[in-house]
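If you want the building blocks of each chain, they are given just below.
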Amino acid sequence: MHFELTEEQLQMKMSVREFAEAEIAPHVMEWDEAQHFPIELMPKLGELGLLGILFPEEYGGAALGYVEYATAIEELSRVDGSVGISVAAHNSLCSNHIFQYGTEAQKQKYLAPLARGEQLGAWGLTEPGAGSDASGTRTTAVKKDGGWVINGSKNFITHAIHADTCVAFASTDRAKHSKGITAFIFEKGMKGFSPSKKENKLGLRASETASVVFEDCLVSDENRLGGEGMGFVNAMEILDGGRISIAALAVGIAQGAYESAIRYSAERQQFGKPIREFQAIQFKLADMAVQIEAARLLMYRAAAMKDQGKKTTKESSMAKLFAGEMSVRVCEEAIQIHGGYGYTKDYPAEKYWRDSKLCTIGEGTSENDLFLARIIKGDTTAVARAISKVEDNAAEASELMKQIFSRTGRALIVGITGSPGAGKSSLVDKLAAFYRKTGERVGIIAVDPSSPFSGGAILGDRIRMQTLSLDKGVFIRSMATRGNLGGLARATVEAVAILDAAGYDKIIVETVGVGQDEIEIAKTADVCVVVLVPGMGDDVQTMKAGIMEIGDVLVINKADREGVLRTEKELQALLSLSARSDEWQPPIVKTVAIENKGIAELAGAIEQSREFQKQTPASADRRKVVARWRILELLRERLVSETLGVDGAANKLERLAAEVATKKRDPYSAVDELIKARSRESEVRSQKES
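Quick notes on the rules
- Residues numbered from 1 in each chain as written.
- Predicted model: local features only at pLDDT ≥ 70, side-chain atom pairs only at ≥ 80, totals over all residues.
- Heavy atoms only, no water.
- Helix = DSSP H or I, 4+ residues; strand = E, 2+ residues; numbered from the N terminus.
- Areas by Shrake-Rupley, 256 points an atom, 1.4 Å probe, with all protein chains shown as cover.
- Phe/Tyr/Trp six-rings, centres within 6.5 Å; stacked < 30°, edge-to-face > 60°.
- Buried < 20%, exposed > 50% of the residue type's maximum accessible area, 1.4 Å probe, protein only.
- Disulfide = S-S within 2.5 Å.
- Axes fitted to C-alpha atoms, helices over the stretch in contact; angles between N-to-C directions.
- Parallel < 35°, antiparallel > 145°, perpendicular 65-115°, else oblique.
- Left-handed = near helix turned anticlockwise from the far one by under 90°.
- Contact = heavy atoms within 4.5 Å.
- Core = buried A, V, L, I, M, F, W, Y, C linked by side-chain atoms within 4.5 Å.
- Pairing = 2+ DSSP bridges.
- Polar contact = N/O pair within 3.5 Å; in protein donor to acceptor, adjacent residues only side chain to side chain.
- Patch = residues over 30% accessible without salt bridge, like charges linked within 9 Å, V, L, I, M, F, W, Y side chains within 5 Å.
- Salt bridge = Lys/Arg side-chain N within 4 Å of Asp/Glu carboxyl O.

Peer 1: Before we go on, may I ask you to explain the overall build of the chain in this structure?
Peer 2: From N to C terminus, the chain includes 24 helices and 17 strands. With an accessible surface of roughly 31300 Å², the chain has 54% of that area assigned to carbon and sulfur atoms.

Peer 1: What is the right way to look at the packing of aromatic side chains in this model?
Peer 2: In this description, an aromatic ring pair is defined by two values, namely the gap between the centres and the angle between the planes. As enumerated under the stated definition, the model contains 14 aromatic pairs in all. Ring geometry for F271 against F278: centres 6.3 Å apart, planes inclined by 85°, an arrangement best described as edge-to-face. With relative accessibility at 78%, the residue F271 sits in the exposed group. Residue F278 is classed as partly exposed on the basis of its relative accessible area of 26%.

Peer 1: How do you make sense of the state of the cysteines when you look at a structure like this?
Peer 2: The term disulfide refers to a covalent linkage connecting the sulfur atoms of a pair of cysteines. Applying the stated criterion to the full structure yields zero disulfides. A disulfide-free cysteine, C94 has its sulfur positioned 6.9 Å from the sulfur of C166, the nearest such atom.

Peer 1: Can you walk me through the packing of helix α1 (residues 7–24) against helix α4 (residues 66–79) in this structure?
Peer 2: In a pair of packed helices, the angle between the axes and the distance between the axes together describe the arrangement. Here α1 crosses α4 at 25°, and the two axes come no closer than 9 Å. When the axis of α1 is compared with that of α4, the two are roughly parallel. In this structure, α1 crosses over α4, and the sense of that crossing is right-handed. On the side of α1, the interface is formed by Q9, M12, K13, V16, R17, F19, A20, E21 and I24, while α4 contributes V67, E68, T71, A72, E74, E75, L76, R78 and V79.

Peer 1: Looking at this model, I keep getting lost on the nonpolar core. Mind explaining?
Peer 2: Burial of nonpolar side chains together is a common tendency in soluble globular proteins. Among the nonpolar cores identified, the biggest contains 86 residues, and I24, L45, L76, I98 and W123 are the most heavily contacted of them. Considering every element that reaches this core, the biggest residue donor is helix α7 (residues 231–267), with 18 residues. Leaving out residues up to four positions away in the same chain, I24 has contacts with F19, W31, L41, L76, V79, D80 and V83.

Peer 1: Teacher, can you tell me more about the environment of F214 here?
Peer 2: Mapping F214 onto the fold places it in strand β7 (residues 209–220). It is 9.0 Å that separates the C-alpha atoms of F214 and V149, two residues lying 65 residues apart in sequence. Sequence-distant contacts of F214, defined by excluding residues within four places in its chain, comprise T139, I150, N151, G152, S153, K154, A168, F186, G192 and F193.

Peer 1: Looking at this structure, I do not really get the pairing of strand β3 (residues 147–158). What am I missing?
Peer 2: Both faces of the sheet carry side chains from a regular strand, because those side chains alternate between them. Note that strand β2 (residues 140–144) and β3 share five bridges and pair antiparallel. When the bridges of β3 are listed, T140 appears paired with N151. The turn linking β2 back onto β3 is made up of two residues, and D145 within it adopts a positive phi angle of 50°. Pairing geometry for β3 and β7, over nine bridges, is antiparallel. For W148, the partnering residue across the bridge sits in β7 and is V219.

Peer 1: Please clarify how helix α13 (residues 397–404) should be interpreted in this entry.
Peer 2: Residue pairs spaced three or four apart in an α-helix point in one direction, given the helix's 3.6 residues per turn. Along α13, six of the eight residues are buried, which leaves the element largely enclosed by surrounding structure. When we look at burial in α13, the residues that qualify are A397, E399, L400, M401, Q403 and I404.

Peer 1: Got a minute to help me understand the pairing of β7 in this structure?
Peer 2: Alignment of strand β6 (residues 193–198) against β7, held across four bridges, turns out to be antiparallel. When the sheet's bridge partners are listed, K198 is paired in β7 with A210.

Peer 1: Any chance you could explain unusual backbone geometry here in plain terms?
Peer 2: Across the chain, the bulk of peptide bonds are trans and the bulk of non-glycine residues have phi less than zero. In this structure, Q35 takes a positive phi of about 50° despite not being glycine. Along the chain, Q35 turns up in the loop between α2 (28–34) and α3 (42–47). On the basis of relative accessibility, which here comes to 17%, the residue Q35 falls in the buried class. Of note, D145 is a non-glycine position whose phi angle comes to about 50°, a positive value. As for its placement among the helices and strands, D145 is situated in the loop between β2 and β3.

Peer 1: Would you mind showing me how to read the side chain of S316 here?
Peer 2: Examined against the element boundaries, S316 turns out to sit in helix α9 (residues 313–338). Residue class for S316 comes out buried when judged on its relative accessible area of 0%. Looking at S316, its side chain comes within polar contact range of the main-chain oxygen of D240, at 3.1 Å. If sequence neighbours within four positions are ignored, S316 has contacts with D240, R243, I244 and A302.

Peer 1: Just checking my understanding: could you explain the environment of L45 for this structure?
Peer 2: Among the secondary structure elements, L45 is positioned in helix α3. For the pair L45 and V16, spaced 29 residues apart in sequence, the C-alpha to C-alpha distance is 9.4 Å.

Peer 1: Hey, could you run me through a nonpolar patch on the surface in this one?
Peer 2: Taken together, the side chains of L632, L635 and L639 present a nonpolar region at the surface, about 240 Å² in accessible area. Along the chain, the position of L635 falls in helix α22 (residues 618–644).

Have a look at this one:
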């Protein structure tokens, strides 16, 4: 692994440093005091290649990578963060969005002049009511006369006043929330599109930040950027790169503050010697240097991965989070080293500190970045919020699952299923208590088959597990299958993954009923426990439901009842007739859960099953089957969403449903018609884009 810049990258770094010290440094305080946006500097930045650093030469860019880009932002921000953030917003947001998702015609018309530095770009996602929750966009776009009529506003937009080109987002279908947001390209002077209030900011005052307003702004469909309804998804991907630039901004500001503290500590005399010779100051400077270097390495890792074409959602968020928080700390220490002078405008320390705070807010607040970190640490509130996002199919749920997926696969997931009345909840209660005695953290998911408003299963779980509910090492959640009666909703699978990533050692999933849908638990659990009870006449139904195929461990609960021996013999007979592909012979464990009898034996049988799986090739095949199922489930949901997203599809669906209900049409041809409509829409879009 290499941690040094190449000779060419070092040359570029020094070129940007020399430019910043010669062209920017003499004006920093003047621009800051006057809140002057240095538009006169933009042509010079363009000549240096910094306004098209990421883009191919065919569009007028410098054809460099994210490592060079981050280095350039750092060097500019070391002198003035206002210039650094302007270059960042122009490159990684506006221009990059057009480069990544624009048509060739859009790239030639808009990207080329942006990359050459002839025009300035802005990017508008944030609204007064849609900041961290960008999916709450209220700006609307309504189809009219072959184009779109846009109404709404955006705030906190960099370059809102001077920008020649602006990429902004509007809701084209509010019913679809984030999946109904579309991006558009706006041009300066376009009727109905205008800048509004300029913000009077704490820091980065030479960077222009203002609002933009859309008042019956008519744009051609040729100005639609990317697919209809894909704006939010594309924006989240663009922000992956944007966070790298904010990390670079933070590192540059901190580096500038650190260097100013070193200079001052060498000049300032106390007790007959420079204050840098005092150990207290040396400790501060050493800590500052370590923190800056750590943030720089995180920044370069994310940038290098981006250049390699890898997904960097997690890495860029980590870099941005750590660098932003670090920058504020380092700049505060710089003020402290300056003492009273640090509180005045005679020295640059106070400006660096003011500028640094934006790094914990822009491109997603530190709290958003901390959300993932809190989940990974096992914070129960964060875990509960994450599961709620998945259960409600929130817009950010898919991005969250992408980030945590690599951290799953460490927990032992135990699925417990069986007939109602078999005592499964009591069994779960005692099994979880057994695991807690060994110091393991336990997550419990109880699948409620009815609606999210039914209190039966939820209330019952809380009563039976009231002792565990007070244990901080146990997480209990009841989840509704939302109409999929008796089945295991996909949201439950994602909830298990969240608990896995959060560091829970054992995760127990309890379901109700025994039916065909119940077999889906095998696609979640590492070990599937099937619970029976003597005297309920469910043995034959169990066999019909295919439980013998999914049961890794069979439990006869309430084994103090009459008929337990008969039930045990029937199970043994069935096991002798069944032939499992992995050759595992499910053990039969007898328990009396309410009396805590047989729980240790059950835990032992679960461990034996898990160990057997690790040693057999069939376990790898099982993982592939589960992975295939998850992909198909997600694909099904995505295709349904896209199919029903076609214009008029909702009305068409209602018409077809009525025809199928009255036997005027069969459901198969109804599906064919919806798919054909989706294909026609895709062809039309492709023709427009080409």
